[in-house]
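Fold and contact review
Chain by chain, the residues run as shown.
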Amino acid sequence: MGVTYKYFGAPDRATAARVPTALGPGGLGLDAGELGSLGRLGDLMETSGSPNGHLSTKIKPETMSAMVLTGIQGVPLHQVPPLELVVLHPDYAVVQLPQTVVEPLRTADEMELGAAAFIWSTVPDRRGPRDAFVIYQMLHEWQDFANRLHDAGHQLYCLVWP
């Protein structure tokens, strides 16, 4: 059993904080029907390739931030800013990815995404070019999701739970 990370959008921190409670005690599996009480948030949770309308991954939001800032912006790893805590609960946490991460991700071109993927594929536990392509696809998916959220006036958050 590991930690799961679900990336989602919300118009503000207050709405993002209500997402876990709107999901009910049944295990935090996102259900678009239950999200109806959050207004347009239920619509924005719909992403291509994701039946539950979110980006679910085993990639930590801290790692995602580091991938974007070091790989796309060239920021040294020790200067990657911390995430912004929205909710800390014994069963889960909600964090906001700062605009200093989201904006470079949204505006990166194909070469920047490819370079970031290559850089992160050289981390010692990676397997080289095959991982670079997988990381590139993942960054592209995050970019598409971040752009859709931005177009709707929403910010990027991550729900973390064991």
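Criteria and cut-off values
Residues numbered from 1 in each chain as written. Predicted model: local features only at pLDDT ≥ 70, side-chain atom pairs only at ≥ 80, totals over all residues. Heavy atoms only, no water. Helix = DSSP H or I, 4+ residues; strand = E, 2+ residues; numbered from the N terminus. Contact = heavy atoms within 4.5 Å. Areas by Shrake-Rupley, 256 points an atom, 1.4 Å probe, with all protein chains shown as cover. pLDDT = per-residue confidence, 0-100. Buried < 20%, exposed > 50% of the residue type's maximum accessible area, 1.4 Å probe, protein only.

**A short note on the overall build of the chain**
Looking only at helices and strands, the chain features 6 helices and 5 strands. Overall, the chain shows an N-to-C arrangement of helices and strands of β-α-α-β-α-β-β-α-α-α-β. Contacts in the chain between residues far apart in sequence, at least 24 positions, make up 69% of those at least 6 positions apart. Summed over its atoms, the accessible surface of the chain is roughly 8,200 Å², and 58% of this surface lies on carbon and sulfur atoms.

**Focus: the confidence of the model for the chain**
Looking at the chain, the pLDDT average stands at 77 and 74% of residues meet or exceed 70. Here residues 25-53 is modelled with pLDDT under 50, and outside its nearest four sequence neighbours on either side it reaches 51 contacts, counting other chains as well.

**Topic: the environment of D91**
Mapped onto the secondary structure, D91 falls in the loop between β3 (84-88) and β4 (93-96). A residue is classified by how much of its surface remains accessible, and D91, at 48% relative accessible area, is partly exposed. As for D91 and P20, which are separated by 71 residues in sequence, their C-alpha atoms are 9.8 Å apart. Discounting chain neighbours no more than four positions away, the residues touching D91 are W161 and P162.

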